[in-house]
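Breakdown of the fold
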Amino acid sequence: MPDASSDPTAGASTPSARPDLLVVGAGFFGLTVAERCATELGLRVVVIDRRSHLGGNAYSEVDPETGVEVHKYGAHLFHTSNEKVWEYVNRFTAFTDYKHRVFGKYQGQVYSLPMNLGLINQFFGKSHTPQEARELIAGQASEIATEDATNLEEKAVSLIGRPLYEAFIKGYTAKQWQTDPTELSADIITRLPVRYTFENRWFSDTHEGLPVDGYTAWLTRMAEHPNIEVRLETDFFAPGHDYSAETVKGTLPIVYTGPVDEYFDHREGRLSWRTVDLEESVEDVDDFQGTGVVNYNDQEVPFTRIIEFKHFHPERVKTHLPGKTVIVHEYSRFAEEGDEPYYPINTAEDRATLLRYRELAQAEPMVLFGGRLGTYQYLDMHMAIGSALSMFENRLRPHFGEGAPLTSGGIE
C-alpha cells in the first residue's frame, strides 16, 4: 500500500506566469475544480489551504505504531448513486468492496442499525413479519400526528413511535446538539426511515467502497497535474503573500471554499456550526469492538460513537501490527471561534443570515463560492464532487472556454 502521507505537492510546479485561477481550499470541491480546469482547459491553477495537508476533512494518514489508516477528522465512507461522480472518482483511485454497517448500543445491548426488522424483533423481543412490524410502528406513531408536531421529539414520535425514539434517537440527538430534543425544531428531521427487511447496510447507494490506497493518496493524485500548484499553510486572509485576499480579490478569478461568513468578515453575523472532538487512542487488543462504528445511544454516555479504523480495510490485515488497534471516541458540541466547523446548524436565524451572505456573494466580482463551508450546506463527499463538476461545466468552462462573464449567481 503506498504511503498515504506522501508529499501532497508531489508533481506540482511553480508557474512562471500569473495563474488563471485561484482555488481557496484543498478539499474535494477545490481539488475537483482545479483538476478539471487544468486537465480540460489547460489552465494554470494555484490551490491554497491554511492547513499543513491537502484533502480537507477527508485527510487520512497511517498510524506509525499500528499500520492502521486513520481518518484524522472522523470516519469518511464513500458512496454515491451519481454515475457521473462515480466515473470521475475512479480516474484517481480504485475502491474496495467495503459496505458500511453501523451498530448502536443501548442499555447494555447492541443493535444493528439503521432501524430495521432485525432491530424491531430484538428490541420488542418477538418475531414480526414485515406487515406486523409496519402495523406495530404505525400504532405507536399514532400518538402524535406529524402535522401537529411542534418540536423534534414530537416529530420523531409521530414518525417512529415513542419506544424506538426514546431508545435510539432521544439520547443520541441530545448529545449531538447539546440541547433537549423538545427544544429543537421539528424541521431538523424530515424523515426517520425504518426498513421492514433485515437489510442493514447503512447506505443504499448504487456504489460504495473505500479508496484502495487511502484518501490522501487519492486526493494527492487529483493534484498531480503539472498545471496545478498547491501551497499549504497559506491563509487566504493573512497578508503578505502572493495569494492573500488583499492582493488578489478583484484581479484574479477565485473559487472560494472556506466559510462564507469569514469571507465577508462576519459583517452579517456568524453562521452557527456543530463541531466534533476526536479522542484517538491505541488499544492493546487485536479487536476492540468487532466493527467500524458503534453508536452510543444512552444519553448519560458522553460520547456519540466509537470508531475502530482497522475494520474499514480488513484486506490490509497483514499490514496491521498484531495485538494493537486504533480507536476514536467522538464527541459533538457547538462550534466556537477557532473550532473546525463540521455540520451547519441551520436555524431560522442562520437561514436569514445566509440569505444576506448570498446577496453579498452575488455581487462579489470574479468569485465563485462552493463546498460545504462556502455554501453552508452539509455535503457528503460525492455531493461536494458533483457540485464541483457542475460548477466547472456551468460556470468555469463557459467563462474560460467561451468568454462568458464570470458571474457567481450567489452561492452555488
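Criteria and thresholds
- Residues numbered from 1 in each chain as written.
- Predicted model: local features only at pLDDT ≥ 70, side-chain atom pairs only at ≥ 80, totals over all residues.
- Heavy atoms only, no water.
- Helix = DSSP H or I, 4+ residues; strand = E, 2+ residues; numbered from the N terminus.
- Rg over C-alpha atoms; globule rule 2.2 N^0.38 Å.
- Buried < 20%, exposed > 50% of the residue type's maximum accessible area, 1.4 Å probe, protein only.
- Contact = heavy atoms within 4.5 Å.
- Areas by Shrake-Rupley, 256 points an atom, 1.4 Å probe, with all protein chains shown as cover.
- Lys, Arg positive; Asp, Glu negative; His and termini not counted.
- Charge placed at Lys NZ, Arg CZ, Asp CG, Glu CD.
- Salt bridge = Lys/Arg side-chain N within 4 Å of Asp/Glu carboxyl O.
- pLDDT = per-residue confidence, 0-100.
- Axes fitted to C-alpha atoms, helices over the stretch in contact; angles between N-to-C directions.
- Parallel < 35°, antiparallel > 145°, perpendicular 65-115°, else oblique.
- Left-handed = near helix turned anticlockwise from the far one by under 90°.
- Nonpolar A, V, L, I, M, F, W, Y, C, P; charged D, E, K, R; others polar.
- Phe/Tyr/Trp six-rings, centres within 6.5 Å; stacked < 30°, edge-to-face > 60°.
- Lys NZ or Arg CZ within 6 Å of the ring centre and 35° of its normal.
- Pairing = 2+ DSSP bridges.

Digging into the overall build of the protein
Each helix and strand counted, the protein has 13 helices and 16 strands in total. Relative to the globule expectation of 22 Å for 412 residues, the C-alpha radius of gyration of the protein, 23 Å, shows essentially globular dimensions. Oriented by its inertia axes, the alpha-carbon framework of the protein measures out at about 70 × 55 × 35 Å. A buried classification covers 54% of the 412 residues belonging to the protein. Partitioning the contacts of the protein with sequence separation of at least 6, the portion at a separation of at least 24 is 72%. Within the structure as shown, the protein displays about 17,900 Å² of accessible surface, and the carbon and sulfur contribution to it stands at 47%. Charged side chains of the protein number 38 positive and 62 negative; the gap between the two group centres comes to 3 Å.

Describing the environment of aspartate 20
Along the chain, aspartate 20 falls in the segment before strand E1 (21-24). It is 9.7 Å that separates the C-alpha atoms of aspartate 20 and alanine 38, two residues lying 18 residues apart in sequence. With residues near it in sequence (within four places) discarded, aspartate 20 still touches Leu43, Arg44, Leu252, Pro253 and Phe400.

A short note on the pattern of salt bridges
Oppositely charged side chains may form a pair once their charged atoms are brought near each other. According to the stated counting rule, one finds 27 salt bridges in the structure shown. For aspartate 20, the salt bridge goes to arginine 44, with nearest N and O atoms at 3.9 Å. On the criterion of sequence distance, the pair formed by aspartate 20 in the segment before E1 and arginine 44 in the loop between helix H1 (28-41) and strand E2 (45-48) is long-range, its members being 24 residues apart. Residue classification places aspartate 20 among the partly exposed positions, given a relative accessible area of 23%.

A closer look at the confidence of the model for the protein
Note that predicted coordinates carrying low pLDDT should not be read in detail. In this model, the protein carries an average pLDDT of 92, and 95% of its residues clear a pLDDT of 70 or more. Of the regions scoring below 50 in pLDDT, residues 8-16 engages in 18 contacts with residues more than four places distant in sequence or in other chains.

Let's talk about the packing of H1 against helix H13 (residues 381-402)
Orientation of H1 relative to H13, taken along the N-to-C sense of each, is 40°, at an axis distance of 8 Å. As summarised for this structure, H1 and H13 are arranged oblique, according to the angle between their axes. Of the two elements, H1 crosses H13, and the hand of that crossing is right-handed. Contacts from Phe28, Phe29, Thr32, Val33, Arg36, Cys37, Glu40 and Leu41 of H1 reach H13 at Met381, Ala384, Ile385, Ser387, Ala388, Leu389, Met391, Phe392, Leu396, Arg397 and Phe400. Of the residues assigned to the contact of H1 with H13, the class counts are 14 nonpolar, 2 polar and 3 charged.

Quick word on the packing of aromatic side chains
Inspection of every chain in the model, using the stated rule, returns 30 aromatic pairs. Taking 4.9 Å as the distance between ring centres and 70° as the angle between the ring planes, the aromatic pair formed by tyrosine 296 and phenylalanine 303 counts as edge-to-face. A network of ring pairs unites the aromatic residues Phe236, Phe237, Tyr256, Tyr263, Phe264, Tyr357 and Phe369 as a single cluster. One cation-aromatic arrangement involves lysine 249 over tyrosine 263; the distance from NZ or CZ to the ring centre is 4.5 Å. Arginine 274 extends its terminal NZ or CZ atom over the ring of tryptophan 177, reaching a point 4.6 Å from the ring centre.

Focus on the sheet that holds strand E12 (residues 293-296)
Here we have 7 strands laid out as an open sheet, ordered E7-E6-E12-E13-E14-E11-E15, and mixed in their pairing. Edge positions in the sheet fall to strand E7 (109-113) and strand E15 (343-344), since each has one partner strand and no second. Two strands pair when backbone bridges link them, and strand E11 (residues 273-283) and strand E14 (residues 325-334) are joined in this way by 10 bridges, in the antiparallel orientation. Residue pairing for E14: glutamate 279 is matched across the bridge by histidine 329. Strands strand E6 (102-106) and E7 of the sheet are contacted by helix H3 (residues 117-124), whose axis makes an angle of about 155° with E7. Sheet contacts for helix H7 (residues 170-177): E11, E12, strand E13 (305-308) and E14; angle to E14, the most-contacted strand, approximately 75°.

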